[in-house]
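A structural walkthrough
Chain by chain, the residues run as shown.
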Amino acid sequence: MPEPMPTVAILTALSLEYEAVLKHLTHVEKLTHARTGTRARRGKLPGTPWHVALVDMGEGTLTAATITERVMTWLDPEAVLFVGVAGGLKDDIGIGDVVVATKVYAIHGGKQTPDGFLDRPEAWRASYRLEQAAKEALRGKAQFNGKVHFKPIAVGDVVLADSDSELAQRIKASYNDAVAIEMESSGVAHAVHLAGEAGALIIRGISDKANADKSRADAGGSQPRAAANAADAAVAVLHELEPKPTAPQPRDSDSDTREGPFRSSADTSTYGGDHIDFRGSTFPGPFTAKSVGQPPHGDGQ
């Protein structure tokens, strides 16, 4: 029987992001979570060892955290990629560029005081294994008609469309290395972190500049372009990423579960010494062995 293909989950927040990933998959099947009705499609990614479980989870950090946790327990992916669009925060991040998040900031935590709002940053770093695969697959390549940036992103339950707003200024002051902003990645990253084993990687295509021109950029078709670039980047990463090695199967010599003493040979006419097997045990005191000659008629001494 062939070994099952390993699974990666790709999560999206918008339908256009979902469709941008779906077009890369073959042999697609529909899946439904029996208790909650959550839907997924699972297909093969040609040229890779991966099955991809694709879920359109909806918008917002709370929804993202909930659905990510559900996907983790339901489909048991080896890794989670969150793929879609974001707003750019820096002048050198262009529309259509791809940002692979090295770090995800949750921007709404803090304390309001008479002296102003004091940020209490919380952040999650990208999976080192996935980030390394992404750098090998993407760095220095221009297959997206734009650039690829490995930089932090900011996340909050807000659509930022005013670069002069108080929030924009606070992000610039307290999260100065963030180059993009969106609404779900902190929920995804936190849920994967709590799951403990799989890693997460956030891949975002830049669809606007998070300013007053956002609506104009969206109307001009920037979102489908950014979503397609992010999906292409995710596919490139999975072409580079190798599944984790499976646990080695026991050798024939390891299948002997006897505990000694026992004869080392099935032929009792040949004495090879008694054997004691301490596999899986803790022996609290000293152990002394004695070597003896072959006993008459194969009997032990």
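Use the structure listed above.
This is a predicted model, so every value here is computed, not measured.

1. Focus on the overall build of the protein chain
Within the protein chain, the secondary structure is distributed over 7 helices and 14 strands. Counting only residues that meet the buried cut, the protein chain has 46% of its 301 residues in that class. Intrachain contacts of the protein chain at a sequence separation of at least 6 include 74% that bridge at least 24 residues. Working note: accessible area of the protein chain is about 16,600 Å², and carbon and sulfur atoms make up 50% of it.

2. As for the side chain of T113
The residue T113 is located in strand β7 (residues 110-113) in this model. A distance of 2.8 Å separates the side chain of T113 from the backbone oxygen of G116, its partner in a polar contact.

3. A word on the side chain of E131
Summarising the element assignment, E131 is placed in helix α3 (residues 128-138). Since its relative accessible area comes to 13%, E131 is described here as buried. In contact with E131, not counting residues within four places along its chain, are T102, A126, F150 and L201.

4. Things to note about the pattern of salt bridges
Evaluated as defined, the whole model comprises 9 salt bridges. The salt bridge involving E29 is made with R42; its shortest N-O contact spans 2.8 Å. Pair noted here: E29 is in strand β2 (residues 26-32) and R42 is in strand β3 (residues 39-44), with a separation of 13 residues, a long-range link. The exposure class assigned to E29 is partly exposed, which follows from its relative accessible area of 35%. Exposure remark for R42: the relative accessible area of 25% places this residue in the partly exposed category. A single network of salt bridges, built from pairs that share partners, joins E17, E182 and R204.

5. Side note on the pairing of β7
Two elements, β7 and strand β8 (residues 116-119), share 4 bridges in a ladder whose sense is antiparallel. Among the inter-strand pairings, G110 is bridged to a residue of β8, identified as D119. The turn linking β7 back onto β8 is made up of 2 residues.

6. Comments concerning the packing of helix α1 (residues 15-22) against helix α7 (residues 222-240)
Closest axis-to-axis distance for the α1/α7 pair is 9 Å, and the angle between their directions is 40°. Considering the angle they form, α1 stands oblique to α7. Of the two elements, α1 crosses α7, and the hand of that crossing is right-handed. Of α7, the residues touching α1 (which contributes L16, E17, A20 and V21) are Q223, P224, A227, A228 and A231.

7. Some details on the packing of helix α2 (residues 61-75) against helix α5 (residues 185-195)
Two packed helices can be described by the angle between their axes and the distance between those axes. The geometry of α2 relative to α5 is characterised by a closest axis approach of 7 Å and an angle of 35° between their N-to-C directions. The two elements α2 and α5 meet at a crossing, and its hand is right-handed. Residue-level contacts link T61, A64, A65, T68, E69 and M72 of α2 to S186, G187, V188, A191, V192 and A195 of α5. Partitioned by chemical class, the residues of the contact of α2 with α5 number 7 nonpolar, 4 polar and 1 charged.

8. Description of the environment of A212
Residue placement: A212 occurs in the loop between β12 (199-208) and α6 (214-219). Separated by 52 residues in the primary sequence, A212 and L160 place their C-alpha atoms 8.9 Å from one another.

9. A look at unusual backbone geometry
Here the phi dihedral of H27 falls at roughly 50°; this positive angle occurs in a residue that is not glycine. In this structure, A210 takes a positive phi of about 55° despite not being glycine. Within the fold, A210 resides in the loop between β12 and α6.

10. What to know about the pairing of β12
With respect to burial, β12 is a largely interior element, 10 of its 10 residues being buried. With 3 bridges joining them, strand β6 (residues 98-106) and β12 adopt antiparallel strand pairing. What sits directly across from V100, in β12, is I203.

11. Brief notes about α2
Taking 1.5 Å of rise per residue, 15 residues should cover 21 Å, and α2 covers 21 Å from first to last C-alpha, within 8% of that figure. All of the buried residues in α2 are T61, A64, I67, T68, V71, M72 and L75. With its buried residues spanning 145° around the axis, α2 presents them on a single face. In α2, the exposed positions that point more than 90 degrees away from the buried face belong to L62 and T73. Phi turns positive one or two residues past the end of α2, at D76, with a value near 50°.

Rules and cut-offs
Residues numbered from 1 in each chain as written. Predicted model: local features only at pLDDT ≥ 70, side-chain atom pairs only at ≥ 80, totals over all residues. Heavy atoms only, no water. Helix = DSSP H or I, 4+ residues; strand = E, 2+ residues; numbered from the N terminus. Buried < 20%, exposed > 50% of the residue type's maximum accessible area, 1.4 Å probe, protein only. Contact = heavy atoms within 4.5 Å. Areas by Shrake-Rupley, 256 points an atom, 1.4 Å probe, with all protein chains shown as cover. Polar contact = N/O pair within 3.5 Å; in protein donor to acceptor, adjacent residues only side chain to side chain. Salt bridge = Lys/Arg side-chain N within 4 Å of Asp/Glu carboxyl O. Pairing = 2+ DSSP bridges. Axes fitted to C-alpha atoms, helices over the stretch in contact; angles between N-to-C directions. Parallel < 35°, antiparallel > 145°, perpendicular 65-115°, else oblique. Left-handed = near helix turned anticlockwise from the far one by under 90°. Nonpolar A, V, L, I, M, F, W, Y, C, P; charged D, E, K, R; others polar. Expected span 1.5 Å × (residues − 1). Arc of directions from axis to C-beta.

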